[in-house]
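Residues per chain, in single letters:
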Amino acid sequence: MTCRSEKSLKIMVSEKELKIIVGALDSACMEVFGAPLANYQNRSHKRKYADVRMMSVRILRENTCMTYVEIAELFGMHYTTIVYSYYRAGDLLLVDGAFGEKYEEYEKHFKNSL
């Protein structure tokens, strides 16, 4: 499920699609991190919370049609924070092997849950 192409416009996801996407992400989060996504939807700056949020943002942007604004609403944050999280996760994927391994496992479980 992807909306990525140079010529396509971002299309907002429907309520039904959003429930499916959030359910898959929550299921993957439980599988990989042992806690539901709701545990990580806080404003904590602790690395264990921030990493899961950054991974979640990146997974949602890379694998769904969700906009930054929709993801921000899901996490109760400003969209610029979500943009930062997306790019920060990309940087961490390049330099932090442990982050990359967890991300790949999380993304695999997310895709399998859809």
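The structure displayed is predicted, hence computed values, not measured ones.

1. A look at the pattern of salt bridges
Part 1 of the reasoning: One pass over the full model with this rule turns up two salt bridges.
Part 2 of the reasoning: Here Asp51 ties to Arg47 by a salt bridge, and the two come within 2.9 Å at their closest N and O atoms. Separated by four residues within a single helix, Asp51 and Arg47 lie in helix H2 (residues 47–63), roughly one turn from each other.
Part 3 of the reasoning: Residue classification places Asp51 among the buried residues on the basis of a relative accessible area of 13%.
Part 4 of the reasoning: Between Asp96 and Arg47 there is a salt bridge, with its nearest N and O atoms 2.7 Å apart. Taken together, the residues Asp96 in the loop between helix H4 (79–95) and helix H5 (97–113) and Arg47 in helix H2 connect sequence positions 49 residues apart.
Part 5 of the reasoning: The exposure class assigned to Arg47 is partly exposed, which follows from its relative accessible area of 46%.
Part 6 of the reasoning: Here the residues in one salt-bridge network are Arg47, Asp51 and Asp96, joined through shared partners.

The rules we used
Residues numbered from 1 in each chain as written. Predicted model: local features only at pLDDT ≥ 70, side-chain atom pairs only at ≥ 80, totals over all residues. Heavy atoms only, no water. Salt bridge = Lys/Arg side-chain N within 4 Å of Asp/Glu carboxyl O. Helix = DSSP H or I, 4+ residues; strand = E, 2+ residues; numbered from the N terminus. Buried < 20%, exposed > 50% of the residue type's maximum accessible area, 1.4 Å probe, protein only.

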